[in-house]
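Close look at the chain arrangement
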Amino acid sequence: MRRGVLSRVVLGAVLALAAASPAIPEVPRPEPAKVTVPPRPDTLRKDFELPAGAEKLAERYRRFLEEVDVLMAPAEQELFLALSADYQRDAFIREFWKSRDPDPRTARNELEVDYRERVATARQLWGGLGDQRARALLYLGVPTSRFQPSCAFLWPLDVWFYEGNPRYRYDFALIFYRKWGVSEWRLWEVDTGTDEFYRGSAAGGSAVGCNYEEFVYALRLLGNNARFTDFLIFLSEVREPPKPENVEWVPTFASYSTEVPAAGATFEARLALSFPGRSGQRMVTQGVVTVAQDQAGRSAIGGHESYDFVVNGEVLLGEELFERFRYRYGFPAAAVGAEIPLIFQRVLRPGRTYRLLLRVEDLATGRFARLEADLAVPEGEAALVQPPPLDPETARLLAIANASLARGETALALVRPVGEALITGLVRFDTLLTGEGVARVTFAVDGEPILTKTEPPYSVELDFGELPRVHTLRATAFDAEGAELASDELLVNGGSQRFVVRLTDPRPGSAVAGAVRARATVEVPDGEQLDRLELWVGDQLQATLHQEPWAQPLLLPPGSEAAFVRVVAHLASGATAEDLVWVNAPEGYGETFDVQLVELYTAVVDRDRRPVPGLGVEQFKVLEDGAPQTLTRFEPASRQPFSAVFLLDVSASMAERLVAAREAAMAFFTEMVAEGDRMALVTFNDRPTVAARFTREPAAFAAGLAALKAERGTALHDSLIFSLFYANGLAGQRALVLLTDGKDEGSRFDFEQALDYARRSGMTIYTIALDLPRRDGGAGARLARLARETGGRSFEIAGVEELAPVCEAIRTDLKSRYLLAYQSSRTERDGRFRSVAVEVARPGLTARTLRGYYP
């Protein structure tokens, strides 16, 4: 009811204004107005009230709170006001903008730069941020165009036009007015009516000569019934911009604090610092916080007793925060002596003096210890010193663990070639090698040694053929006696979504006594964030690292018994990866085997092609090359989160259909993506572009759909291979939805190569052919084959109006599949294609899954 009343008010205003002058023609969008205003004194907003507690802050921090008022969430403001030191506030501001960086891969934070320009513009035009126009400018950015009508019977007006975007969909306008010519500028709210604009009958004057056409155009925009609901939502956001509810970085930032709560109980601890070795050009700085056992509390869970601590650290260089770190420790009660050592290692530049601040928390008692020390990092080999004798046994174990540091740590890293993401043909790989005593470096591809080099440069040239395939390249450095010093492994054509962690130390089968220094490397998927790294000895979690370096001394069981060191990496999204190494074990002990587990995401339909839910495992039979397989896992795939790529054709032939295609893609995202799911957007013409990385946020996906332009040719095969490569490494249910209106035009790869790559990817592909010509040269048949071979479906539609039901059919198909998993009965890895078939026992039902795979 409200919407109809307000719409009539606006439309009535339009008609009234139109009647006051000759017929007004359709008004084109005006050109941007150039407004020059002399600089005014910069003052704080008159209507901005500093939150309680902010009066004690320096001017620059009060100014920050004022400027980001439209962006800052309540939780962020609360944390900022709770900080006690300027270096912490400066670090907060850096993290505040970092958390909003639209593309962390670039050196420039585009949002921060643009926002600061908006602030500067508002201060220049209006002398501060108190004007309502300033608030709109900060939230929405500079308008596409701006118009200030001059008419005797109207109060001063300022009309802003914005082009539509995926968030608001339509063009819209803002109207600001200033009554009596001296009051504050206000944003017109539609339910106040148009009387707010008139000076009154005393003003008199004629409409002749008034340039208010753009004003009428703005009212027409606001009065469009189809857009009115959007505008009301939008207007409420401009009045009071929505604050983010989930600010994930805030609890993380707060958890690194070195402040002891005002009412927190305390205990005594000691700190010893030493420098056991170098890592490249930097010095490894080791800290040992010692807690007396009688000062600590025990945790008891399920009959297991342990001592558990968290150490937060801040390193200051001058008045600036250089770095923050956080460690968590756990020790079995039976393995703890009179003193408990909490060991951490940082990598700092020699010749500098830092200030170290530590907060130690006993998790069992909730008590704290606060430690501070000046940290002068020495230079030269003579500076390498072990910790003072706090405890002879601790010193002995640390000397064992850091032996490799004392003699100069050897590190080897394979360098990924610069250039194309997909690697084919002849390619050179270089290495970065630090340390001494290297006699040779051996290179191996897929486990087969291919080259050994005995002198620098330690590089290799490899021919990977015409079609991009996944290969494992490994480089290993040995000393003159043949002992392995360091190694690194690189997955060629592995994609940017691979999540893997690997222990580089200790090495499998190495003999160590009492302690070892564990080192790990980790690859994080594009767009994800690493939360923590856990280091285990046997079934005991000893240390949790929240930042680099991923290295830590660990205590081993007494004696020389076999034990395993395990590393577990956790992403902020909840995904995990791990690696395990046995030490002090006989040859072959704890040997790992490569298990060939095949996962089939399978759709079952009846004769009318309707999905059939509720089937049991006994209804399915899986055949590999004709041989029956034993299922080890069965469940509805709806319980499994999925990752999907929407591959959208934006070639020149899509010009008239692009708007509808964008809306279909956005609707598909909105309907498909639930908790745990993610979708990426890849657009293509004569080359593919990642328009939106894997995300579950509608705004991020919508941003990728904005400003698309249909132009150039269609490299369909190349773009398909690129998209499959981009998703390579993702676990679980994966799918690709391809929307195109034409055949391939000039790809580097042909269809058979693209099909072969699709088979190897294991992804389900859905194809949507839009208005293909009658003589399409077999393009429709190729798209259908691509979908059929990968367990998906193909659709041919005549126009964009059919996109919505097609997207709904794909959504239903993905959400109603079954997960069938089995361990292949064939143990050999011959690299040949293995055909797969799934049969359903119930008559009239058909199973659809991928046709096979490459081991």
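What follows is about the overall build of the protein chain. Within the protein chain, the regular secondary structure consists of 17 helices and 40 strands. A burial count over the protein chain gives 51% of its 855 residues as buried. With the model as given, the accessible surface of the protein chain reaches about 40,200 Å², and the carbon-plus-sulfur share is 51%.

Moving on, we get to the pattern of salt bridges. Using the criterion set out here, one finds 50 salt bridges in the structure. Linking R270 and E339 is a salt bridge whose minimum nitrogen-to-oxygen distance equals 2.9 Å. Highlighted residues: R270 in strand β5 (residues 270-279) and E339 in strand β10 (residues 339-348), separated in sequence by 69 residues. Counted as one network, the salt bridges with shared partners bring together R63, E66, E67 and R123.

Turning our attention to the nonpolar core. Side chains that are nonpolar tend, in soluble globular proteins, to be buried together. Among the nonpolar cores identified, the biggest contains 53 residues, and V289, F309, L342 and L533 are the most heavily contacted of them. Considering every element that reaches this core, the biggest residue donor is strand β25 (residues 563-571), with five residues. Within the second largest apolar cluster, 47 residues are counted, among which are L79, L81, L138 and V247.

Turning to helix α16 (residues 779-789), its buried residues are A779, G780, L783, A784, L786, A787 and E789. On its buried face, α16 is in contact with α14 (716-727), β34 (733-740), α15 (751-761), β35 (764-770) and β36 (794-797). Of the residues one or two after α16, G791 is the one with positive phi, at around 85°.

What follows is about the pairing of strand β13 (residues 411-415). Burial of the side chains of β13 is restricted to one face: L412 and L414 are buried, whereas none of A411, A413 and V415 on the reverse face is. Bridge analysis of β13 against strand β14 (residues 426-434) gives five bridges, and the strand direction is antiparallel. The residue of β14 that forms the bridge with A411 is T434.

It is worth spelling out the environment of F443 at this point. You can see F443 is positioned in strand β15 (residues 440-445). Once the C-alpha coordinates of F443 and A477 are considered, the two residues, 34 residues apart in sequence, prove to be 9.2 Å apart. Setting aside chain neighbours within four positions, we find F443 in contact with L414, T431, E448, P449, I450, L451, K453, Y458, S459, V460, R474 and A475.

Attention shifts here to the pairing of strand β2 (residues 157-162). Buried residues dominate β2, accounting for six of its six residues. Every second residue of β2 is oriented toward a common face, with L157, V159 and F161 on one face and D158, W160 and Y162 on the other, all of them buried. The pairing of strand β1 (residues 145-147) with β2 spans three bridges and is antiparallel. Residue pairing for β2: R146 is matched across the bridge by W160. Here β2 pairs with strand β3 (residues 172-177) via six bridges, running antiparallel.

Strands sit in the order β5-β6-β10 across an open sheet of three strands; the sheet is antiparallel. Edge positions in the open sheet fall to β5 and β10, since each of these has one partner strand only. Pairs of neighbouring strands in the sheet enclose a mean axial angle of 20°, with direction left out of account.

Another point: the packing of aromatic side chains. Evaluation of the coordinates by the stated rule reveals 29 aromatic pairs. With a centroid separation of 6.5 Å and 85° between ring planes, the pair formed by F64 and F92 is classed as edge-to-face. Separated by 28 residues along the polypeptide, F64 in helix α2 (residues 59-67) and F92 in helix α4 (residues 86-98) bring together distant segments of the chain. By the burial criterion, F64 is buried, and F92 matches it. When the centroid spacing of 6.1 Å and the interplanar angle of 20° are considered together, the rings of W126 and W160 count as stacked. Here the residue W126 occupies a position in helix α5 (residues 110-126), and W160 occupies one in strand β2, the gap between them amounting to 34 residues. For the pair W126 and W160, one class covers both residues: buried. Among the aromatic side chains, those forming a connected cluster through ring pairs are Y61, F64, F80, F92, F96, W97, Y115, W249 and F253. One Lys or Arg, R100, reaches over the ring of F96 and ends 3.9 Å from the middle of that ring. Positioned above the aromatic ring of F253, the side-chain terminus of R324 is 4.1 Å from the ring centre.

In space, the three strands of this open sheet follow the order β20-β21-β24, with antiparallel pairing throughout. What marks the edges here is a single partner per strand, and that holds for β20 (500-505) and β24 (551-555). Across the sheet, the axes of successive neighbouring strands diverge by a mean angle of 35°, strand direction being ignored. Both β20 and strand β21 (residues 515-523) contribute to a ladder of five bridges, which runs antiparallel. Bridge pairing in β21 places D505 opposite R519.

Right, let's get into the packing of α2 against α4. The contact between α2 and α4 brings their axes to 11 Å, and the two run at 25°. Judged by the angle between their axes, α2 and α4 are roughly parallel. When the axes of α2 and α4 are compared, the crossing they make is left-handed. Judged by residue contacts, R60, Y61 and F64 of α2 engage D86, R89, D90, F92, I93, F96 and W97 from α4. Residue composition of the contact of α2 with α4, by class: six nonpolar, no polar and four charged.

Moving on, we come to the side chain of H546. Assignment of secondary structure puts H546 in the loop between β23 (540-545) and β24. Residue classification places H546 among the buried residues on the basis of a relative accessible area of 17%. Setting aside residues up to four positions removed in sequence, H546 forms contacts with Y256, R326, D531 and R532.

Turning to its location among the elements, T849 is positioned in the loop between β39 (846-848) and β40 (852-853). Take T849: its relative accessible area is 9%, and that puts it in the buried class. A distance of 3.3 Å separates a polar side-chain atom of T849 from the backbone oxygen of Y601. The contacts of T849, once residues within four sequence positions are left out, are L600, Y601, T602, R788, T790, G791 and V838.

Residues with a pLDDT of 70 or more make up 84% of the protein chain, whose mean pLDDT is 81. Here helix α1 (residues 2-19) stands out as the least confident element of the protein chain, with mean pLDDT 34; strand β11 (residues 353-362) is the most confident, with 95. Per-residue pLDDT stays below 50 along residues 1-46; that stretch engages in 85 contacts with residues further than four places along the chain or on separate chains. Taken together, the stretch residues 201-205 has pLDDT below 50 and engages in five contacts with residues farther than four places along the chain or on a different chain.

With that settled, the discussion passes to the packing of helix α12 (residues 658-672) against helix α13 (residues 698-705). Close contact between α12 and α13 brings their axes to 10 Å; oriented N to C, the two are set at 165°. With respect to α13, the axis of α12 lies roughly antiparallel. For the pair α12 and α13, the sense of crossing is right-handed. Along its contact with α12, which presents R662, A665, M666 and F669, the element α13 presents P698, F701, A702 and L705.

A few words on α5. What sets the pattern is the α-helix's 3.6 residues per turn: residues three or four places apart point alike. With 17 residues, α5 extends 24 Å from end C-alpha to end C-alpha; this agrees with the ideal 24 Å at 1.5 Å per step. If you check which residues of α5 are buried, you get Y115, R118, V119, A122, R123, L125 and W126. Looking at the buried positions of α5, the neighbouring elements they touch are α2, α4, α6 (132-140), β1 and β2.

Our focus in this paragraph is the environment of E528. Mapped onto the secondary structure, E528 falls in the loop between β21 and β22 (530-537). Along the sequence, E528 and L571 sit 43 residues apart, while their C-alpha atoms lie 7.0 Å from each other. When near neighbours in sequence (up to four residues on either side) are disregarded, E528 contacts L571, S573 and R678.

Definitions and limits used
- Every chain begins its residue count from 1, and numbering advances along the sequence as written.
- At least 70 in pLDDT is required for a residue's local features to be given in this predicted model, at least 80 for side-chain atom pairs to be given and counted, and no such filter applies to totals for whole chains, interfaces and linings, which use all residues.
- Hydrogen atoms and water are omitted, and side-chain values are computed over all heavy atoms in the structure.
- Secondary structure counts use DSSP, requiring at least four H or I residues in a row for a helix and at least two E residues in a row for a strand, with both numbered from the N terminus.
- Any residue under 20% of the maximum accessible area for its type is buried, any over 50% is exposed, and the rest in between are partly exposed; the area is computed with a 1.4 Å probe on protein chains only.
- Here the open area of atoms and residues is found with the Shrake-Rupley method and a 1.4 Å probe, where only the protein chains shown may cover a residue.
- Throughout this description, the term salt bridge denotes a Lys or Arg side-chain nitrogen within 4 Å of a carboxyl oxygen of Asp or Glu.
- Among buried residues, those of type Ala, Val, Leu, Ile, Met, Phe, Trp, Tyr and Cys that are joined through side-chain atoms within 4.5 Å constitute a nonpolar core.
- We call two residues in contact whenever any of their non-hydrogen atoms come within 4.5 Å of each other.
- A pair of strands is treated as paired once DSSP finds two or more bridges between them.
- Axis definition: a line fitted to C-alpha atoms, over the contacting stretch in the case of helices. Angles run 0 to 180 degrees between N-to-C directions.
- Only centres within 6.5 Å qualify two rings of Phe, Tyr or Trp (six-membered ring in Trp) as a pair; their planes then separate them into stacked at under 30 degrees, edge-to-face at over 60, and tilted for everything else.
- A ring is scored as having a charge over it whenever the NZ atom of a lysine or the CZ atom of an arginine sits within 6 Å of its centre and within 35 degrees of its normal.
- For this classification, under 35 degrees means roughly parallel, over 145 means roughly antiparallel, 65 to 115 means roughly perpendicular, and everything else is oblique.
- With the far helix as reference, a near helix turned anticlockwise by less than a right angle produces a left-handed crossing, and one turned clockwise produces a right-handed crossing.
- Charged residues are taken to be Asp, Glu, Lys and Arg, nonpolar residues to be Ala, Val, Leu, Ile, Met, Phe, Trp, Tyr, Cys and Pro, and polar residues to be all remaining types, Gly included.
- As used in this structure description, the phrase polar contact means that two N or O atoms lie within 3.5 Å; if the pair is within protein, one of them must be able to donate a hydrogen and the other to accept it, and residues adjacent in sequence are counted only when both atoms belong to side chains.
- Per-residue confidence from the predictor is given as pLDDT, running between 0 and 100.
- By definition here, a helix of n residues has an expected span of 1.5 Å times n minus one.

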